[in-house]
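Structural features, examined
Chain by chain, the residues run as shown.
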Amino acid sequence: MSLISVFLGFFVANILGYGGGPSSIPLMYQEVVTHYQWLTNIDFSNMLALGNALPGPISTKIAAYVGYNVSGVFGVIVAVVATIAPSSIALILLLKLLQKHRQSSVVKGMTLLVQPVIAIMMIVLTWQMGRDSIHSLGPIQAIIIAAISFLAMTKLKVHPAIVIIIAFIYGGLVVPHLHI
(Lines give C-alpha, C1' and ligand atoms only; values in the text may rest on other atoms or scores of the structure.)
Protein backbone atom coordinates (compact mmCIF):
# COMPACT_ATOMS: atom_id res chain seq x y z
CA MET A 1 0.00 0.00 0.00
CA SER A 2 2.85 2.45 0.74
CA LEU A 3 4.20 2.25 -2.83
CA ILE A 4 0.76 3.13 -4.18
CA SER A 5 0.58 6.05 -1.75
CA VAL A 6 4.07 7.19 -2.79
CA PHE A 7 3.07 7.04 -6.45
CA LEU A 8 -0.22 8.88 -5.89
CA GLY A 9 1.31 11.53 -3.65
CA PHE A 10 4.01 12.50 -6.12
CA PHE A 11 1.89 11.99 -9.22
CA VAL A 12 -0.83 14.33 -7.92
CA ALA A 13 1.69 16.97 -6.84
CA ASN A 14 3.47 16.91 -10.17
CA ILE A 15 0.50 16.60 -12.49
CA LEU A 16 -0.86 19.82 -10.97
CA GLY A 17 2.54 21.53 -10.62
CA TYR A 18 2.36 23.89 -13.57
CA GLY A 19 5.77 25.46 -14.12
CA GLY A 20 7.99 22.85 -12.52
CA GLY A 21 9.78 22.86 -9.17
CA PRO A 22 8.62 26.18 -7.73
CA SER A 23 4.96 25.38 -8.26
CA SER A 24 5.35 21.69 -7.39
CA ILE A 25 7.01 22.34 -4.02
CA PRO A 26 3.84 23.57 -2.24
CA LEU A 27 1.89 20.68 -3.77
CA MET A 28 4.55 18.20 -2.63
CA TYR A 29 4.48 19.82 0.80
CA GLN A 30 0.73 19.27 0.92
CA GLU A 31 1.11 15.58 0.07
CA VAL A 32 4.29 14.82 2.04
CA VAL A 33 3.64 16.83 5.23
CA THR A 34 -0.09 17.48 5.45
CA HIS A 35 -1.77 14.54 3.72
CA TYR A 36 0.52 11.54 4.28
CA GLN A 37 2.59 12.98 7.16
CA TRP A 38 5.79 11.37 5.89
CA LEU A 39 7.81 14.39 7.09
CA THR A 40 7.31 17.19 9.59
CA ASN A 41 7.37 20.87 8.62
CA ILE A 42 10.93 21.17 9.92
CA ASP A 43 12.10 18.01 8.14
CA PHE A 44 10.58 19.25 4.88
CA SER A 45 12.21 22.67 5.30
CA ASN A 46 15.62 21.10 5.99
CA MET A 47 15.29 18.75 3.03
CA LEU A 48 14.26 21.64 0.79
CA ALA A 49 17.17 23.80 1.91
CA LEU A 50 19.74 21.05 1.41
CA GLY A 51 18.14 19.91 -1.85
CA ASN A 52 18.34 23.45 -3.25
CA ALA A 53 22.06 23.52 -2.49
CA LEU A 54 22.61 20.41 -4.63
CA PRO A 55 22.59 20.27 -8.43
CA GLY A 56 19.54 19.07 -10.34
CA PRO A 57 15.79 19.60 -10.24
CA ILE A 58 14.39 19.98 -6.74
CA SER A 59 11.28 17.90 -7.39
CA THR A 60 13.24 14.73 -8.22
CA LYS A 61 15.46 15.20 -5.17
CA ILE A 62 12.40 15.57 -2.93
CA ALA A 63 10.83 12.49 -4.53
CA ALA A 64 13.99 10.42 -4.10
CA TYR A 65 14.46 11.39 -0.46
CA VAL A 66 10.86 10.90 0.59
CA GLY A 67 10.44 7.76 -1.52
CA TYR A 68 13.49 6.22 0.14
CA ASN A 69 12.31 7.15 3.63
CA VAL A 70 8.87 5.66 3.02
CA SER A 71 9.66 2.53 0.98
CA GLY A 72 13.40 2.17 0.44
CA VAL A 73 14.90 1.74 -3.03
CA PHE A 74 11.57 0.81 -4.62
CA GLY A 75 10.09 3.94 -3.08
CA VAL A 76 12.78 6.02 -4.82
CA ILE A 77 11.96 4.46 -8.18
CA VAL A 78 8.19 4.86 -7.77
CA ALA A 79 8.41 8.44 -6.47
CA VAL A 80 10.82 9.58 -9.19
CA VAL A 81 8.75 7.97 -11.97
CA ALA A 82 5.58 9.57 -10.53
CA THR A 83 7.43 12.90 -10.51
CA ILE A 84 8.91 12.73 -14.01
CA ALA A 85 6.16 10.93 -15.95
CA PRO A 86 3.40 13.58 -15.70
CA SER A 87 5.55 16.43 -16.97
CA SER A 88 7.28 14.36 -19.62
CA ILE A 89 4.04 13.05 -21.08
CA ALA A 90 2.28 16.40 -20.71
CA LEU A 91 5.18 18.24 -22.35
CA ILE A 92 5.09 16.05 -25.41
CA LEU A 93 1.30 16.25 -25.77
CA LEU A 94 0.97 19.95 -24.92
CA LEU A 95 3.77 21.08 -27.19
CA LYS A 96 2.06 19.35 -30.07
CA LEU A 97 -1.21 21.07 -29.16
CA LEU A 98 0.37 24.50 -28.51
CA GLN A 99 2.29 24.41 -31.76
CA LYS A 100 -1.00 23.91 -33.50
CA HIS A 101 -2.79 26.73 -31.59
CA ARG A 102 0.07 29.05 -30.55
CA GLN A 103 -1.64 32.24 -31.75
CA SER A 104 -4.85 31.55 -29.85
CA SER A 105 -5.79 34.16 -27.24
CA VAL A 106 -7.20 31.33 -25.11
CA VAL A 107 -3.82 29.60 -24.95
CA LYS A 108 -2.04 32.88 -24.17
CA GLY A 109 -4.61 33.69 -21.48
CA MET A 110 -4.31 30.29 -19.84
CA THR A 111 -0.56 30.56 -19.46
CA LEU A 112 -0.70 34.14 -18.14
CA LEU A 113 -3.59 33.72 -15.70
CA VAL A 114 -2.14 30.72 -13.88
CA GLN A 115 0.91 32.75 -12.77
CA PRO A 116 -0.86 34.56 -9.86
CA VAL A 117 -2.06 31.20 -8.54
CA ILE A 118 1.52 29.88 -8.53
CA ALA A 119 2.71 33.07 -6.82
CA ILE A 120 0.13 32.62 -4.03
CA MET A 121 1.11 28.97 -3.58
CA MET A 122 4.72 30.07 -3.07
CA ILE A 123 3.66 32.81 -0.63
CA VAL A 124 1.67 30.30 1.45
CA LEU A 125 4.66 27.92 1.60
CA THR A 126 6.97 30.83 2.47
CA TRP A 127 4.57 31.89 5.24
CA GLN A 128 4.51 28.36 6.70
CA MET A 129 8.29 28.03 6.64
CA GLY A 130 8.74 31.55 8.01
CA ARG A 131 6.33 30.82 10.85
CA ASP A 132 8.29 27.66 11.71
CA SER A 133 11.58 29.60 11.61
CA ILE A 134 10.25 32.28 13.93
CA HIS A 135 8.92 29.61 16.29
CA SER A 136 12.23 27.70 16.28
CA LEU A 137 14.75 30.56 16.29
CA GLY A 138 12.78 33.47 17.69
CA PRO A 139 11.61 36.46 15.68
CA ILE A 140 14.78 38.55 15.84
CA GLN A 141 17.19 35.87 14.65
CA ALA A 142 14.77 34.59 11.98
CA ILE A 143 14.20 38.11 10.60
CA ILE A 144 17.93 38.93 10.60
CA ILE A 145 18.77 35.70 8.76
CA ALA A 146 15.95 36.30 6.27
CA ALA A 147 17.05 39.90 5.66
CA ILE A 148 20.71 38.98 5.18
CA SER A 149 19.71 36.15 2.81
CA PHE A 150 17.44 38.49 0.84
CA LEU A 151 20.14 41.15 0.49
CA ALA A 152 22.81 38.60 -0.41
CA MET A 153 20.70 37.14 -3.21
CA THR A 154 19.11 40.33 -4.56
CA LYS A 155 21.73 43.06 -4.05
CA LEU A 156 24.98 41.10 -3.97
CA LYS A 157 23.79 38.47 -6.48
CA VAL A 158 25.08 35.59 -4.33
CA HIS A 159 23.84 32.27 -5.69
CA PRO A 160 21.06 30.77 -3.49
CA ALA A 161 23.08 27.56 -3.03
CA ILE A 162 25.91 29.56 -1.45
CA VAL A 163 23.45 31.34 0.87
CA ILE A 164 22.01 27.96 1.93
CA ILE A 165 25.48 26.53 2.60
CA ILE A 166 26.38 29.60 4.68
CA ALA A 167 23.13 29.17 6.62
CA PHE A 168 23.98 25.51 7.30
CA ILE A 169 27.44 26.49 8.53
CA TYR A 170 26.01 29.28 10.68
CA GLY A 171 23.41 26.87 12.08
CA GLY A 172 26.10 24.32 12.90
CA LEU A 173 28.17 26.91 14.72
CA VAL A 174 25.47 28.97 16.47
CA VAL A 175 22.39 26.82 17.06
CA PRO A 176 24.10 24.21 19.30
CA HIS A 177 24.92 27.06 21.68
CA LEU A 178 21.32 28.35 21.72
CA HIS A 179 19.92 25.22 23.42
CA ILE A 180 17.02 24.99 20.97
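Definitions and limits used
Residues numbered from 1 in each chain as written. Predicted model: local features only at pLDDT ≥ 70, side-chain atom pairs only at ≥ 80, totals over all residues. Heavy atoms only, no water. Helix = DSSP H or I, 4+ residues; strand = E, 2+ residues; numbered from the N terminus. Expected span 1.5 Å × (residues − 1). Buried < 20%, exposed > 50% of the residue type's maximum accessible area, 1.4 Å probe, protein only. Arc of directions from axis to C-beta. Axes fitted to C-alpha atoms, helices over the stretch in contact; angles between N-to-C directions. Parallel < 35°, antiparallel > 145°, perpendicular 65-115°, else oblique. Contact = heavy atoms within 4.5 Å. Nonpolar A, V, L, I, M, F, W, Y, C, P; charged D, E, K, R; others polar. UniProt positions renumbered as here; feature names shortened; annotations may be inferred.

1. So, helix α3 (residues 41–53)
Taking 1.5 Å of rise per residue, the 13 residues of α3 would be expected to cover 18 Å, and the 19 Å separating its terminal C-alpha atoms lies within 8% of that figure. Turning to α3, its buried residues are Phe44, Ser45, Met47, Leu48 and Gly51. In an axial view of α3, the angular spread of the buried residues amounts to 165°, which keeps them on one side of the axis.

2. Observations concerning the packing of helix α5 (residues 105–113) against helix α6 (residues 115–137)
The N-to-C vectors of α5 and α6 enclose an angle of 15°; their axes lie 5 Å apart at closest approach. As far as their axial angle goes, α6 and α5 are roughly parallel. Residues Thr111, Leu112 and Leu113 of α5 pack against Gln115, Pro116 and Val117 of α6. Residue classes in the contact of α5 with α6 are distributed as 4 nonpolar, 2 polar and no charged.

3. Some remarks on the UniProt feature "transmembrane region" (unreviewed entry) in the protein
The UniProt feature table records "transmembrane region" (unreviewed entry) at residues 73–98, 110–130, 136–154 and 161–179. The annotated region residues 73–98 carries 100% helix and 0% strand content, and the separation between its end C-alpha atoms amounts to 37 Å. Counting secondary structure, residues 110–130 comes out at 95% helix and 0% strand; the distance between its end C-alpha atoms is 31 Å.

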